[in-house]
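Descriptive structure summary
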Amino acid sequence: MSIGVIISLMRGAVTEVISLVAPVLGLALIVGLIVAIFQATTSIQEQTLTFFPKLIAIMLVLGLLGGAMFNSLGQFTIQLFSRIPDLAK
């Protein structure tokens, strides 16, 4: 197994992880920013106010995109397992 193959595998894995995590983290970031602006403008400093909207938003994203994420991860895993015999040479 050459360095190029290892780099290719790692690049694919990192790309897959980023594509799976980006929608969840992006929406959590946007919701957190909106709640922080709301807290700053209204002077409400309740700590649980930031937690609950993020939790709901993350659950919605996982509910809507969870199937596609699972399918993408499954296809990547199948592709990786199918390459194992070639990597053993």
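Described below are features of the structure shown in this document. (Residues numbered from 1 in each chain as written. Predicted model: local features only at pLDDT ≥ 70, side-chain atom pairs only at ≥ 80, totals over all residues. Heavy atoms only, no water.)

1. Some points on the overall build of the protein
The helix and strand inventory of the protein stands at 3 helices and 0 strands. Computed over C-alpha atoms, the radius of gyration of the protein comes to 19 Å, more than 25% over the 12 Å expected from 2.2 N^0.38 for 89 residues, which places it beyond the range of a compact globule. With respect to the principal axes defined by its C-alpha atoms, the protein has extents near 65 × 25 × 15 Å. Of all 89 residues assigned to the protein, the portion counted as buried reaches 15%. (Helix = DSSP H or I, 4+ residues; strand = E, 2+ residues; numbered from the N terminus. Rg over C-alpha atoms; globule rule 2.2 N^0.38 Å. Buried < 20%, exposed > 50% of the residue type's maximum accessible area, 1.4 Å probe, protein only.)

2. Here we look at the environment of Asp86
Tracing the backbone through its elements, the reader meets Asp86 in helix 3 (residues 84–87). We classify Asp86 as exposed; its relative accessible area is 52%.

3. Observations regarding the environment of Pro53
Its place among the elements puts Pro53 in helix 2 (residues 48–82). With residues up to four places along the chain from it excluded, the contact list for Pro53 reads Val31 and Val35. (Contact = heavy atoms within 4.5 Å.)

4. A short note on the side chain of Glu16
Mapped onto the elements, Glu16 comes out in helix 1 (residues 3–42). Of the buried charged residues, Glu16 lacks a salt bridge, with Arg83 as the closest side chain of opposite charge at 12 Å. For Glu16, the residues in contact, after removing those within four places along its chain, are Ser72, Leu73 and Phe76. (Lys, Arg positive; Asp, Glu negative; His and termini not counted. Salt bridge = Lys/Arg side-chain N within 4 Å of Asp/Glu carboxyl O.)

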